[in-house]
Amino acid sequence: MSTHTDGPDGQHRRPAGLDDTTVQALGKLSEALETVERVRGHLYSMHQLTGTADFMLDEAVSLFMQAGQTAMAERIQRELIGRNVIPGHWTFQIVEEFDDGYYAEFRAVERDARDQLAQGRRHLYEAELKEQRRTHGRTGHEAQPDYSA
């Protein structure tokens, strides 16, 4: 016997009384959070890539020294290795401030909006969009996974 049902599961059904515009607004807020999640990933990439570049400078300094280019090696050592990427900040500090400030507040507001307006339910807009766009009854267009198989 299949446990598969048609339509979204209970966590992806609109609570009674929730209007279309609020569902759209929650969807847009969720989409904005997803974009900020991508920004966060890029910040971590920046953090790791900057650190990698800083360690590569050690090798460049060594090679310049071997080549007899002491002035260039010393300049790189003095001006670039260990330098702040913005005043007073290494990249880990930027990531921490972003995580603890903007990112944390953004997540809290998005969660509060879902909790206050949609009983904590996520992706209502997308779940309804899936229902509109899928071909009901067609393989590959099921509303939910069939875990009974």
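Structure: see above.
Residues numbered from 1 in each chain as written. Predicted model: local features only at pLDDT ≥ 70, side-chain atom pairs only at ≥ 80, totals over all residues. Heavy atoms only, no water.

Undergrad: Any chance you could explain the side chain of Arg-114 here in plain terms?
TA: Along the chain, Arg-114 turns up in helix 3 (residues 91-118). When its relative accessible area of 13% is taken as the criterion, Arg-114 is described as buried. There is a polar contact of 2.8 Å between the side chain of Arg-114 and the side chain of Glu-110. Arg-114 has contacts with Leu-26, Gln-119, Gly-120, Arg-121 and Arg-122, leaving out every residue within four places of it along the chain. (Helix = DSSP H or I, 4+ residues; strand = E, 2+ residues; numbered from the N terminus. Buried < 20%, exposed > 50% of the residue type's maximum accessible area, 1.4 Å probe, protein only. Polar contact = N/O pair within 3.5 Å; in protein donor to acceptor, adjacent residues only side chain to side chain. Contact = heavy atoms within 4.5 Å.)

Undergrad: In this structure, what is going on with the layout of surface pockets? I would like to understand it.
TA: In this approach the atoms are scanned with a rolling probe the size of a water molecule, which exposes any empty space left behind. Taken as a whole, the largest pocket spans an internal volume of roughly 300 Å³. Forming the walls of the largest pocket are 15 residues, and the residues nearest its centre are Thr-50, Gly-51, Asp-54, Arg-83 and Val-85. Among the secondary structure elements, those contributing two or more residues to the lining of the largest pocket are helix 1 (20-66) and helix 3. In terms of residue count, the dominant contributor to the lining of the largest pocket is helix 1 (seven residues). Split into classes, the residues belonging to the lining of the largest pocket amount to seven nonpolar, six polar and two charged. Computed from the structure, the second largest pocket encloses a volume of approximately 240 Å³. Lining the second largest pocket are 15 residues; nearest its centre among them are Ser-30, Leu-33, Glu-110, Arg-114 and Arg-122. At the level of elements, helix 1, helix 3 and helix 4 (124-133) are the ones that each hand at least two residues to the lining of the second largest pocket. The biggest single contributor to the lining of the second largest pocket is helix 1, with five residues. Classifying every residue of the lining of the second largest pocket by side-chain character gives four nonpolar, three polar and eight charged. (1 Å grid on protein atoms, 1.4 Å probe; cavity = no way out; pocket = protein on both sides within 12 Å on 5 of 7 lines; lining within 4 Å. Points joined across faces, edges and corners; volume = space filled by probe spheres on them. Nonpolar A, V, L, I, M, F, W, Y, C, P; charged D, E, K, R; others polar.)

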